[in-house]
Each structure stands twice: as structure tokens, then as C-alpha cells.
Amino acid sequence: MIQKPKGTYDVFGEYGKKILYLEDLLQVLMEKYNYEFVRTPIFESSELFHRGVGETSDIVTKETYDFIDRGERNVTLRPEGTAGVVRSFIENKMYGRASQPVKTWYYGPMYRYERPQSGRFREFYQFGVEVFGTENPLMDAEVISIPVRFYQLLGLKNIKVNINSLGDSESRENYRKALIEYFEPHINELCEDCKNRFEKNPLRILDCKIDAKNPIMENAPKMIDYLNETSREHFNKVQEYLKAMNIDFVVNPKIVRGLDYYTHTVFEVEASVEGFGSQNVLGAGGRYNNLVSSIGGPATPGVGFALGLERLITALDFEKINIVEENNLDIYIIPMSINETNYSINLLDTLRMNGFNCDMDYLNRNLKSNFKQSERLGAKYIIIIGEEEINTDVLTIKNNITKEEQKIHKEDLIEFFDKNISHE
Ligand code: HAM
């Protein structure tokens with residue numbers, strides 16, 4: 001039997017309902033924040049991600065799905081959303097709009113050739129935002145607030161916000177020098193990847209998963225001590241604004257992030273509940289003031305984040321939060337025989353077009369198994385259509401919960417259901 005590719009999953013049943021519920025909620029939420037929906041292609045030229053995500057990031061060095069298309073172009077399935085949205089911002093000249101900043105949001109599948117495990121897939125879905133055109137720390141705080149409020153709206157309790165600052169180019173350069181000086185005598189005690197990182201981007205050593213508990217790592221210089229005046233001021237303001245919104249956070253110097261484009265604020269929101277597992281970062285992001293220019297656009301500051309839908313659903317399950325109703329069928333129609341099919345399908349169609357969730361028996365079941373089926377579907381009402389109903393247009397409506405029956409003329413049916421079935 002042909003099976004799904006490693007690291008992917010099928011959506012159906014309850015999981016599908018959860019996904020649809022979350023997608024709806026995202027739209028409502030993003031309208032409240034006044035963000036604009038954008039969608040970019042799932043594949044882009046490989047160069048975009050090399051320049052965007054960074055040559056030294058794990059994502060680009062080990063995890064992209066690259067291929068050469070039939071026109072000999074190097075293309076890559078997007079491993080994340082930021083680079084594509086930045087490309088789109090530049091290509092569509094959004095920097096020239098009268099209304100600034102440009103606040104965008106997106107949702108869709110991403111692809112990383114990672115070792116699959118719980119909470120880590122090769123195809124996964126991200127919801128994210130990218131904001132362009134302001135250096136104001138107010139925007140860093142707003143962006144951090146979005147996943148926090150989204151998780152809280154859903155009822156998650158055990159979340160923790162970690163923030164850090166990587167500073168501007170000057171601060172980073174000073175820090176880079178300090179790291180080189182510090183790691184040089186110890187480099188042979190670190191893993192192979194770290195040796196590479198030492199050459200290319202020493203900051204990324206701090207992100208190593210293999211050596212995370214090594215005391216050499218623990219005692220490394222901290223970025224926060226190398227921030228210059230402007231960077232420190234920016235970071236202080238972010239914290240002040242988060243406090244003004246009553247958002248709890250901790251400053252965690254270990255957050256350096258796995259992508260190369262960050263400047264100033266970086267953050268991760270984690271599921272802090274005991275036993276959640278190692279993939280507990282639900283969402284993450286930060287500021288990237290040099291990314292737009294490095295992809296070829298006019299120097300424009302940016303800030304954003306993305307969160308994984310799969311990890312979110314795991315976190316909801318973990319905290320036993322149910323976001324979907326079991327079933328939501330209003331009316332189930334039972335034709336007594338195939339002679340009533342035309343009348344039944346006409347009624348079904350009319351009810352659906354009047355806003356009700358309806359279904360009918362397609363299998364010519366007997367009455368008893370139809371009642372069972374209506375229970376399985378969780379139907380609120382049943383309508384049985386027989387010869388007499390067709391002749392008189394007077395229908396018997398059975399309330400499937402109270403089991404009460406009522407006779408109602410077909411013409412009054414919509415009015416009856418409008419009164420008795422509430423639609424949120
Ligand atoms: P990221 O930390 O690579 O950042 O991914 C963000 C979130 O996507 C993670 O916290 C996690 O929930 C989810 N995620 C990542 N990889 C996987 C995977 N293999 N399986 C399941 N879920 C995964 C970014 O992607 C940046 N573009 C975020 C950003 C936007 N920064 C600024 N703007």
C-alpha cells in the first residue's frame with residue numbers, strides 16, 4: 001500500500017474540525033488587529049531562502065526541500081513564511097503605500113526536511129504576521145501580544161513568553177568578537193556543527209541542541225551585556241509596552257533563534273506545562289531590520305512571528321481544552337421509500353439554502369436504523385417524509401432531543417426552524 005510521506009499527516013474527523021475552527025478564529029482575530037491577509041507561493045527561487053533565512057542557519061544548510069524544475073530553475077519549498085512575504089512586500093512595492101506601517105498576516109504549509117518526531121513534521125502549518133515600516137518598539141510589543149492573546153482566547157493557561165535582544169549591527173559585532181574570544185580555547189570540546197558555526201556565525205553556537213547543557217555554553221558571554229545605548233533603550237521600551245498590556249514575560253538570554261535575520265527583539269512562546277515534550281516552542285519571532293534590504297528592497301525595518309498549528313492543537317489537547325462541538329447537524333430528513341426521494345431532496349436543498357445544516361438518508365435504511373443514524377450525526381430535528389406528507393405538505397417534525405413531535409405545514413417550516421434553531 002502506498003503510504004503518506006514521512007513527516008506528513010492527513011487531516012480528517014475531529015482534527016479537521018479543530019483546524020477549521022482555528023482558521024476561522026485567526027481571520028476574526030486579525031481583523032481586530034487590522035492586519036492584511038497575504039498569500040505567497042509555496043515554492044520560491046532557492047536564492048530567496050539562502051539570502052533571506054541565512055546561509056548558516058540549520059534550515060538552509062540541512063533542511064530545505066530543493067529541486068530543479070523542468071525549466072532548470074533552482075526552486076525550494078518554503079521552509080518558513082517571512083522570506084516570501086518580504087519578497088512580496090518588495091515586489092509589490094508595498095513600501096510606497098501612503099498608509100504605513102504595512103501589517104500583514106499569513107497562514108499555510110511550510111516544509112522542512114527535519115527528523116520527524118512528536119511536534120516536528122516535514123510538512124506543517126504556520127500562522128504568522130510580518131509588519132514593515134516602523135522601528136517603534138511598540139510594534140515589537142504588539143507582535144508579541146498576538147500569539148499570547150490568541151492562546152489565551154483559546155483557553156491555554158500554561159504558556160511562557162521568553163524575550164531577548166540581539167541588538168543592532170554594532171552590538172552584535174561586539175558580541176561576536178566576545179564570543180570568538182570565549183569559544184576559541186574550547187572549540188574542540190564542542191560538537192562538529194558548532195565548530196562550523198564558530199567559523200561562520202558564532203552566535204549560532206548558543207542555539208546548539210547537542211551541547212545545550214555543556215557548562216561551556218552556560219558560562220558564555222550574554223548578548224544583553226553587549227547591547228549599545230540605542231539597543232538597550234529599544235529593548236527597555238519593548239518591556240515597558242508589554243507591561244502596559246499586562247503581558248507576562250521573562251528575559252531569557254539563551255533565546256538566539258535559529259534564523260539569521262534577527263536584530264533587536266527576539267522571542268519564543270513556550271508551552272510551560274510539565275511533560276509537554278521537547279518541541280514545546282509554540283510560536284516565535286522577532287525584529288529584522290536588515291532583511292528587506294538584504295533581499296534587494298529599500299532599507300525597511302520589519303518585525304514578525306509565526307506559530308505552528310500542530311503544536312497549538314497538541315497544547316490544547318494537553319490542557320484538555322475542547323474547541324469543537326461534537327456535531328452540529330440541525331435537521332436529518334428520512335424518506336420512507338425511494339418514492340419520496342425527489343420531495344426529500346428538494347426539501348433538503350431548500351433548508352440548506354435557508355441556512356440550516358442538513359443531511360438525509362442516502363442508503364434507504366429502515367426507520368430504526370435511520371433513527372440511529374440521526375443520533376450518530378447529532379441531529380437536532382428529524383423530518384420523516386412519506387406518501388401522506390407529499391400529498392398534504394404537512395410535515396411531522398420530531399425534536400430529536402425531547403422526542404416531541406409537531407405537525408407543521410411546509411410553508412411555515414423555515415419560520416419554525418428560524419425560531420427554534422439558534423445560529424451563532
Ligand atoms: P521558527 O521558530 O522556525 O520561526 O518557526 C515558528 C514556529 O513554527 C515554531 O515555534 C513551531 O511552532 C513551528 N514549527 C517550526 N518548525 C516546525 C516543524 N518542523 N514541525 C512543526 N512545527 C514547526 C519562523 O519560521 C520565523 N519565520 C518566524 C518569524 C516570522 N520571525 C519573524 N517573522
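Report follows, based on the coordinates. (Residues numbered from 1 in each chain as written. Predicted model: local features only at pLDDT ≥ 70, side-chain atom pairs only at ≥ 80, totals over all residues. Heavy atoms only, no water.)

1. A word on the sheet that holds strand β3 (residues 65-68)
Sheet strands pair via backbone hydrogen bonds, and the direction of the pair is either parallel or antiparallel.
No. 1: Taken in spatial order, the three strands of this open sheet run β2-β4-β3, and their pairing is antiparallel. Edge positions in the sheet fall to β2 (43-45) and β3, since each has one partner strand and no second. Looking at each pair of strands side by side, their axes are set apart by 35° on average, direction ignored. (Pairing = 2+ DSSP bridges. Helix = DSSP H or I, 4+ residues; strand = E, 2+ residues; numbered from the N terminus. Axes fitted to C-alpha atoms, helices over the stretch in contact; angles between N-to-C directions.)

2. As for the nonpolar core
Soluble globular proteins tend to bury their nonpolar side chains together.
No. 1: Counting 93 residues, the largest nonpolar core has Tyr35, Phe127, Phe150 and Phe183 as the members making the most contacts within it.
No. 2: Ranked by the residues each element gives to this core, the list is headed by helix α5 (residues 137-154), at nine residues.
No. 3: In contact with Tyr35, not counting residues within four places along its chain, are Met30, Lys103, Thr104, Trp105, Val129, Val131, Met139, Glu142, Val143 and Ile146. (Core = buried A, V, L, I, M, F, W, Y, C linked by side-chain atoms within 4.5 Å. Buried < 20%, exposed > 50% of the residue type's maximum accessible area, 1.4 Å probe, protein only. Contact = heavy atoms within 4.5 Å.)

3. Things to note about the site of the ligand
No. 1: In the region of the ligand, 27 residues are neighbours, and Glu80, Glu114, Phe121, Arg257 and Tyr262 sit closest.
No. 2: One of the side-chain N or O atoms of Glu130 is found 2.9 Å from a nitrogen atom in the ligand.
No. 3: In the complex, the protein chains occlude 96% of the 650 Å² of accessible area that the ligand would expose alone.
No. 4: Breaking the shell around the ligand down by element, the ones donating at least two residues are β6 (123-132), β10 (281-287) and β11 (302-308).
No. 5: Among the elements that make up the shell around the ligand, the one with the highest residue count is β10 (six residues).
No. 6: Split by residue class, the shell around the ligand holds twelve nonpolar, eight polar and seven charged. (Near = heavy atom within 4 Å. Polar contact = N/O pair within 3.5 Å; in protein donor to acceptor, adjacent residues only side chain to side chain. Areas by Shrake-Rupley, 256 points an atom, 1.4 Å probe, with all protein chains shown as cover. Nonpolar A, V, L, I, M, F, W, Y, C, P; charged D, E, K, R; others polar.)

4. Some details on the environment of Leu242
No. 1: By the element assignment, Leu242 lies in helix α9 (residues 229-244).
No. 2: C-alpha of Leu242 to C-alpha of Gly296: the two residues are 54 residues apart in sequence and 32 Å apart in space.
No. 3: Not counting residues within four places of it along the chain, the set of residues in contact with Leu242 comprises Ala141, Ile144, Ile163, Ile247 and Phe249.

On their own, these measurements won't tell you what the molecule is for.
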